[in-house]
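Here are the chains, one letter per residue:
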Amino acid sequence: MSVSSAKSVWLGRAESFINPQEFKIFSGEDDTVSYLLNQYMDAVIYFTYDNDVMRLELTNDKYEENILPQASLDRVGVEGKWQFSDDEEKQKFNRLLKRAERSKNYETEGIWFRSFSQCCGYQECCLIFQLRMVAKHDNEVLYCALLYNDTEMQHSFKSISDNEAKFRMAAEQANIYAWEYDIATHEMRPCTRCMRDLGLPPVVENYPDPVFEKGIFPRDYEDMYRNWHERLAQGEAQIQGVIPLTPDRIPFHVRYITEFDKDGKPVKAYGSATLAVDNEKESQLREIISSLTMKYTTVLKVNLDSGETEVLNVGRDSSVQVQNLYYENKTFSFEDIKEDYLENYVFDADVPKMNELFSLASIKNILDKEQDFTHSYRIVRKQKTVYMQCRLFSMSDQKSAIIAIRNVDDVMKLKMETEEKLKLDIQNFSDNMDVNNAVINNMGDNMSDVVYILEHIIDGKESLNAEDVDSLRMNFALMEELARDIKKASELKSVKEKAEPETFDLYDIYKYVKAFAEPIAEKKNIELYADENISSLKYSEVVGNMLYVKRILYNVVHNALKYSPEGTEIHCSAEAKAHGGRINCKVKISDEGIGISQEFQNNMFDAYTQENRQVDPWANGQGLGLYVAKQLLEKIGGTIAVYSAVDLGTIVTVTMSFDIA
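About the cut-offs
Residues numbered from 1 in each chain as written. Predicted model: local features only at pLDDT ≥ 70, side-chain atom pairs only at ≥ 80, totals over all residues. Heavy atoms only, no water. Helix = DSSP H or I, 4+ residues; strand = E, 2+ residues; numbered from the N terminus. Buried < 20%, exposed > 50% of the residue type's maximum accessible area, 1.4 Å probe, protein only. Contact = heavy atoms within 4.5 Å. Areas by Shrake-Rupley, 256 points an atom, 1.4 Å probe, with all protein chains shown as cover. Salt bridge = Lys/Arg side-chain N within 4 Å of Asp/Glu carboxyl O. Lys, Arg positive; Asp, Glu negative; His and termini not counted. Phe/Tyr/Trp six-rings, centres within 6.5 Å; stacked < 30°, edge-to-face > 60°. Axes fitted to C-alpha atoms, helices over the stretch in contact; angles between N-to-C directions. Parallel < 35°, antiparallel > 145°, perpendicular 65-115°, else oblique. Left-handed = near helix turned anticlockwise from the far one by under 90°. Nonpolar A, V, L, I, M, F, W, Y, C, P; charged D, E, K, R; others polar. Pairing = 2+ DSSP bridges. Arc of directions from axis to C-beta.

(A) The overall build of the protein, seen in detail. When helices and strands are tallied, the protein shows 18 helices and 25 strands. Looking at the 661 residues of the protein, the share that counts as buried comes to 45%. Of the contacts made within the protein by residues no fewer than 6 positions apart, 57% connect residues no fewer than 24 positions apart. Surface exposure of the protein reaches about 35,800 Å², of which carbon and sulfur atoms provide 49%.

(B) How the structure looks around the pattern of salt bridges. For the structure shown, the criterion picks out 18 salt bridges. Linking Lys 92 and Glu 89 is a salt bridge whose minimum nitrogen-to-oxygen distance equals 3.4 Å. One end of the pair is Lys 92 and the other is Glu 89, both in helix H4 (residues 87–103) and three residues apart, which spans about a single turn. With respect to burial, Lys 92 and Glu 89 carry one shared label: buried. Among the salt bridges present, the one from Arg 189 reaches Glu 187, with a minimum N-O distance of 3.5 Å. On the basis of relative accessible area, Glu 187 is assigned to the partly exposed category, the value being 25%. Taken together, the shared-partner salt bridges in this structure form one network comprising Arg 99, Glu 107 and Glu 109.

(C) A look at the side chain of Asp 505. Structurally, Asp 505 can be placed in strand E19 (residues 502–505). Within the buried set, Asp 505 has no salt-bridge partner at all; the shortest N-O distance to an opposite charge, 7.7 Å, is to Lys 511.

(D) The arrangement of the packing of aromatic side chains in detail. All chains considered together, the criterion is met by 24 aromatic pairs. Ring centres of Phe 93 and Phe 129 lie 5.3 Å apart, and the angle between their planes is 70°; this geometry places the pair in the edge-to-face category. With Phe 93 in helix H4 and Phe 129 in strand E6 (residues 121–137), this pair connects stretches of sequence that are 36 residues apart. Each member of the pair, Phe 93 as well as Phe 129, is classed as buried. Measuring from centroid to centroid gives 6.0 Å for Tyr 181 and Tyr 207, while their planes differ by 55°, and the two rings are tilted. With Tyr 181 in strand E8 (residues 176–182) and Tyr 207 in the loop between helix H6 (192–198) and helix H7 (209–213), this residue pair connects regions lying 26 residues apart in the sequence.

(E) Broad picture of the packing of helix H16 (residues 506–523) against helix H17 (residues 546–562). Following both chains from N to C, one finds H16 and H17 inclined at 30°, their axes separated by 10 Å at the closest point. The angle between H16 and H17 falls in the class roughly parallel. H17 is crossed by H16, and the crossing has right-handed handedness. Counting all contacts with H16, which are made through Ile 509, Tyr 512, Val 513, Phe 516, Ala 517, Ile 520 and Ala 521, the residues of H17 involved are Met 546, Val 549, Lys 550, Leu 553, Tyr 554, Val 557, His 558 and Leu 561. When grouped by side-chain class, the residues that make up the contact of H16 with H17 number 13 nonpolar, one polar and one charged.

(F) Structural view of the sheet that holds E8. With respect to topology, five strands assemble into an open sheet ordered E9-E8-E12-E11-E10, the strand pairing being antiparallel. Across the chains shown, the open sheet's two edge strands, defined by having one partner strand only, are strand E9 (187–190) and strand E10 (238–244). With direction set aside, neighbouring strand axes in the sheet form an average angle of 20°. Pairing between E8 and E9: four bridges, direction antiparallel. If you follow Tyr 181 over to E9, its bridge partner there is Met 188. Packed on one face of the sheet, helix H8 (residues 222–233) meets E8, E10, strand E11 (251–260) and strand E12 (266–275) and runs near 170° to E10.

(G) Local environment of the environment of Ile 405. If you trace the backbone, Ile 405 turns up in strand E18 (residues 400–407). Of the residues examined, Ile 405 reaches a relative accessible area of 9% and is grouped as buried. Residues Ile 405 and Gly 315 lie 90 residues apart in sequence; the distance between their C-alpha atoms is 9.7 Å.

(H) Spatial organisation of the environment of Val 469. With respect to the helices and strands, the residue Val 469 is situated in helix H15 (residues 466–491). For Val 469, a relative accessible area of 28% gives the class partly exposed. Through-space distance from the C-alpha of Val 469 to that of Ile 458 is 9.6 Å; in sequence the pair is 11 residues apart.

(I) Here's a closer look at helix H2 (residues 31–39). All buried positions along H2 are accounted for by Ser 34, Leu 37 and Asn 38. Along the long axis of H2, the arc covered by the buried residues comes to 90°, so they all point the same way.

(J) Spatial organisation of unusual backbone geometry. In the segment running from Tyr 207 into Pro 208, the intervening peptide bond is cis, with an omega of 10°. Within the fold, Pro 208 resides in the loop between H6 and H7. Here the phi dihedral of Asp 138 falls at roughly 55°; this positive angle occurs in a residue that is not glycine. In this structure, Asp 138 sits in the loop between E6 and strand E7 (140–149). With phi around 60°, Asn 525 is a residue other than glycine that occupies positive phi space. Within the secondary structure layout, Asn 525 lies in the loop between H16 and strand E20 (527–530).

Right under this line is the structure:
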C-alpha cells in the first residue's frame with residue numbers, strides 16, 4: 001500500500017479505531033491482509049475530509065493503478081485537489097459522510113468529480129463510494145472507502161436517455177399514443193407518452209383489465225373494447241373507431257393493425273390513438289346527445305316503417321354489437337339487434353314479454369296510446385342478474401321512436417332490500433317488545449320478593465331493634481334500585497341488538513346480587529356461600545350493559561333461592577380473566593334444591609313456563625327467570641349452561657365477555 005507524503009497521524013491513534021482489527025489493516029501489521037488488500041481488493045482509500053479538503057491517509061495499489069489513470073486525476077486527493085462537478089454533488093458527498101458516521105455501516109453513493117490533466121484538460125468522472133467510518137478522534141473522522149469508476153456506464157445511460165427524450169419529443173409533436181399488444185400473452189407495452197400521461201408501467205399484464213380497473217379508461221366501453229381484442233385474436237386484420245380513452249371522455253381515433261406469423265396466425269397487434277379533432281361537429285353532436293341522455297346507457301332511434309336503427313348513445317350496459325355499431329357509425333336492422341339482445345343478454349324468464357313488447361308493430365301500438373311507456377326487465381352480465389328499464393318516446397314526425405335503456409339495478413335492489421328489511425324490522429320489533437315486557441315483569445317479581453322480606457321483618461313487631469332497622473334500610477335500597485331499573489327498562493323502545501354501553505364494575509354487581517339474596521336466604525334458613533374476597537373480580541371495570549348483567553345474575557340466584565328447601569346450601573363463585581383487551585367472566589351458582597326434571601329441561605328457557613314444583617308459597621313467579629337470562633345473554637354475546645337432576649340440585653354456569661374500560 002502507498003501512503004501520502006506525510007506520515008499519517010492516525011498511526012498513533014490506535015485507541016480511536018472502532019475495530020482493533022481495522023487498525024492492524026491500516027498500520028500494515030498484518031502482512032497477509034495487506035497482500036490481499038493490494039492484490040485482490042478493488043481500489044481502497046482511507047481519508048479524512050474537513051473544510052472541503054479531502055486528505056488521503058492511505059491507499060492500496062489498485063487505487064493507483066485503476067482509479068487515477070482512468071479518471072485522469074493527477075495526484076487527486078493527496079494535496080486536497082479533488083473538485084466536485086457542482087455544489088449539488090458536494091452536498092451529496094457531505095450527506096454520505098454523515099450517514100456513514102451515524103450508521104457506522106457501509107453507505108453507498110455515486111459522486112461526480114471534475115479533474116484537470118495536462119494531456120486531456122478538464123474532465124468529469126463518476127466514482128462510486130462504498131464507505132464507512134473506521135475511527136474518530138475528537139472532531140476528526142477517518143473513513144475507509146471502496147471506489148469504482150462508473151463514468152463509462154453513466155455516459156452510456158445518458159446516451160440512451162437522450163435518445164429516449166428525442167423519441168418522446170417526436171411522439172409529442174406527432175400527437176400520437178402508440179402501444180404494442182401481444183395477442184398470446186395479453187401483454188401491452190406502451191409508449192413513453194402513455195406511461196407519462198396515463199401512469200402506465202413499461203409492461204401492462206392481462207391487458208386491458210388494469211386500465212379499466214384503475215379508471216384510466218371509462219368503464220362504459222369495457223365490453224366493446226374487450227370485443228375488439230377477441231376479434232384481433234380471431235385474426236381480424238384491422239379495427240378502428242372513435243373511443244373516449246380518458247375519464248374526461250375525450251374522443252380518440254383508435255386503430256389496431258394485426259401482425260401475423262408465417263402460418264397466418266395473429267401474434268401481435270399495434271395500436272395507436274390520436275385526438276379525434278378532424279370531425280369537430282360530429283364530436284360536439286355526440287357530446288350533446290350524451291349529455292341529454294346521460295341517464296340512459298343505450299339510446300336508439302328506430303324508424304318504425306323500415307326498422308332502420310341508429311345508435312345515439314352507448315354505455316357500459318350496452319350490448320357489444322350496439323357499441324361496435326355506434327363507434328363504426330353504422331345503421332342496422334332493429335330486428336337483428338333485438339334478436340342478439342334477447343338471446344345473449346336478457347334474463348330467460350323475461351324474454352317472452354320483451355319479445356312481445358318490442359316488435360315494430362307493438363311499439364307503434366304502444367305509442368299510439370301512450371306518449372311515454374316504461375318497462376322493467378333483467379339482463380345477465382358477467383354471470384350476475386342486473387335490473388334494467390326500457391323507455392319508449394315518440395318522435396314529433398310520428399315515424400320514428402326513441403328507445404332509451406338504463407340500469408336501475410341499485411334502485412330495484414334497494415327497493416327489495418327495504419321491503420325485506422321492513423318485514424324483518426316489524427318481526428324484530430315484535431320479538432323485542434316481547435322480551436322487553438318479560439324483563440319488566442321479571443323485575444316486578446323481584447320487587448315482590450323484596451316487599452315480602454320487608455313485611456316479614458316488621459310482621460307482629462311493635463318496635464324494631466338496630467338489626468331490623470339495618471335490614472329495612474338495605475331492602476329499601478334494593479327496592480329503590482329495582483325501581484330505577486324498571487324505569488330504565490320501560491323507557492327502552494325495545495331490547496336492542498347492540499345495547500348502549502356503559503362503564504361498571506363486575507365486583508360491585510356481584511356484591512349487589514349477594515346483598516339481594518342474603519335476606520331471602522336468611523329467612524329461608526339457607527346457607528348462602530358467596531365470598532366477597534374474589535381477587536380476580538376486583539378492579540374489573542368493564543364496558544357493557546349493567547342492567548342486563550344485573551338482571552341475568554339476579555334471575556339465576558333467585559331461581560336457586562326459590563327452589564331450595566330449608567337447611568340446604570347455595571354456593572356462588574366467580575372468576576374473571578383479562579385477555580387481549582377484554583375480560584372473560586364466569587359465574588357459577590349451585591344449589592341442593594328440588595332440581596329440574598329431564599322432561600322439563602327441554603322447555604326451561606321458554607317464556608311463562610314453570611314445572612309447578614314450588615317449595616314455598618312466596619315463590620310464585622311467572623316462569624320468566626331463565627327465559628330472560630338467556631335472551632339477555634344472547635344480546636351481549638354470553639352463554640348459560642344448566643345441569644340439573646331431580647331432588648339433587650342444579651348447577652348454572654354463566655359466561656360473559658366485556659371490553660376493559
